[in-house]
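# Report on the structure
Below are the chains, spelled out letter by letter.
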Amino acid sequence: EPIVRKELEPVLKQLGDSPRPEQILDLKVCDPAMGSGAFLVEVGRQLGEILVKAWHTHACLPQIPPDEDELLHAQRLVAQRCLYGVDK
């Protein structure tokens with residue numbers, strides 16, 4: 001968790017104090033030696049939390065499927081659009 005937080009810090013600073021949800025979902029994170037995927041899982045958790053905050057800050061909460069809560073939906077979107085991993 002602290003490693004991911006430190007690595008995301010400069011990228012998030014570039015987005016400003018109040019990033020829009022689209023800016024967050026436009027981020028791309030690649031782990032070129034992902035192994036078990038632990039780094040990417042934590043990135044998904046942290047970006048999911050940031051995405052939920054952005055939805056509320058900018059009053060643009062999307063329609064959440066009935067079988068998900070806000071955080072789970074955000075993490076799913078982040079995983080689909082932002083996370084890439086490779087392992088040979």
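Residues numbered from 1 in each chain as written. Predicted model: local features only at pLDDT ≥ 70, side-chain atom pairs only at ≥ 80, totals over all residues. Heavy atoms only, no water.

This paragraph deals with the nonpolar core. Counting residues in each nonpolar core, the largest one holds 20 residues, and the members touching the most others are L47, L51, V78 and L83. At the level of secondary structure, the elements contributing two or more residues to this core comprise α1 (2–14), α2 (21–25), α3 (38–57) and α4 (70–81). With seven residues, the single largest contributor to this core is α3. Once residues lying within four places of it in the same chain are set aside, the contact partners of L83 are V29, L40, V43, G44 and V78. (Core = buried A, V, L, I, M, F, W, Y, C linked by side-chain atoms within 4.5 Å. Buried < 20%, exposed > 50% of the residue type's maximum accessible area, 1.4 Å probe, protein only. Helix = DSSP H or I, 4+ residues; strand = E, 2+ residues; numbered from the N terminus. Contact = heavy atoms within 4.5 Å.)

Looking at where L77 falls in the secondary structure, it is placed in helix α4. Distance in space between the C-alpha atoms of L77 and Q23 is 13 Å, their sequence separation being 54 residues. Those residues in contact with L77 that sit more than four places away from it in its chain are L25, L51, W55 and C82.

Here the focus is the side chain of E68. Position of E68 among the secondary structure elements: in the loop between α3 and α4. Among the polar contacts listed, one links the side chain of E68 to the side chain of R76, at a separation of 2.4 Å. Apart from the residues within four sequence positions on either side, E68 is in contact with H73 and R76. (Polar contact = N/O pair within 3.5 Å; in protein donor to acceptor, adjacent residues only side chain to side chain.)

With that out of the way, let us pick up α4. Each α-helix winds once per 3.6 residues, and so residues spaced three or four apart point in a common direction. Taking 1.5 Å of rise per residue, the twelve residues of α4 would be expected to cover 16 Å, and the 16 Å separating its terminal C-alpha atoms lies within 8% of that figure. Among the residues of α4, H73, A74, L77 and V78 are the ones counted as buried. Buried residues of α4, seen end-on, are gathered within an arc of 135° and therefore sit on one face of the element. (Expected span 1.5 Å × (residues − 1). Arc of directions from axis to C-beta.)

The next thing to look at is the packing of α1 against α3. Two elements in contact, α1 and α3, have axes whose closest approach is 10 Å; the angle formed by their N-to-C orientations is 50°. Compared by their axis directions, α1 and α3 come out oblique. Seen along the crossing, α1 lies across α3 with a hand that is right-handed. For the pair α1 and α3, contact is made by I3, V4, R5, L8 and L12 and by F39, E42, V43, Q46, L47 and I50, respectively. Its residues placed into classes, the contact of α1 with α3 shows eight nonpolar, one polar and two charged. (Axes fitted to C-alpha atoms, helices over the stretch in contact; angles between N-to-C directions. Parallel < 35°, antiparallel > 145°, perpendicular 65-115°, else oblique. Left-handed = near helix turned anticlockwise from the far one by under 90°. Nonpolar A, V, L, I, M, F, W, Y, C, P; charged D, E, K, R; others polar.)

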